[in-house]
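# Summary of the model geometry
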Amino acid sequence: MAKVLRYSKQTTERISIKGILNEDATEITYSENDEALTVTVQDLLDKFAGDRINLIILTEDNEELPVKEDASEPVS
């Protein structure tokens, strides 16, 4: 008979940094308490060396859109 019940434990370690990746993709500059700080990408990755990872990189771009004076919907 196949096992129907499975018990497992999953632990996730996560690093999250919002900043600017430099031109050669080796450092990230971020702000903490109104102070500009820099960390190397290698330093971040070293903590996970030899482990299975799920790497996600996101970019953000904010653009202000014009708003109609009589409505709260953006103008297309």
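Check the entry above for the structure.
We now turn to the structure provided with this report. Keep in mind it's a predicted model, so treat the numbers as computed, not measured.

## What about the overall build of the protein chain?
The number of helices and strands found in the protein chain is one helix and three strands. Reading the secondary structure of the protein chain in the N-to-C direction produces β-β-β-α. For the protein chain, the residues scored as buried account for 5% of the 76 residues in total. When contacts within the protein chain are restricted to residue pairs at least 6 apart in sequence, long-range pairs at least 24 apart make up 13% of them. By element, 48% of the accessible surface of the protein chain is carried by carbon and sulfur atoms, the whole surface being about 8,300 Å².

## Regarding the pattern of salt bridges
This structure, assessed with the given rule, holds two salt bridges. Between lysine 47 and glutamate 13 there is a salt bridge; the shortest N-O distance is 2.9 Å. Remark: glutamate 13 occurs in the segment before strand S1 (20-21) and lysine 47 occurs in the segment after helix H1 (41-46); sequence separation between them is 34 residues. We note that lysine 47, like glutamate 13, is exposed.

Rules of the game
Residues numbered from 1 in each chain as written. Predicted model: local features only at pLDDT ≥ 70, side-chain atom pairs only at ≥ 80, totals over all residues. Heavy atoms only, no water. Helix = DSSP H or I, 4+ residues; strand = E, 2+ residues; numbered from the N terminus. Buried < 20%, exposed > 50% of the residue type's maximum accessible area, 1.4 Å probe, protein only. Contact = heavy atoms within 4.5 Å. Areas by Shrake-Rupley, 256 points an atom, 1.4 Å probe, with all protein chains shown as cover. Salt bridge = Lys/Arg side-chain N within 4 Å of Asp/Glu carboxyl O.

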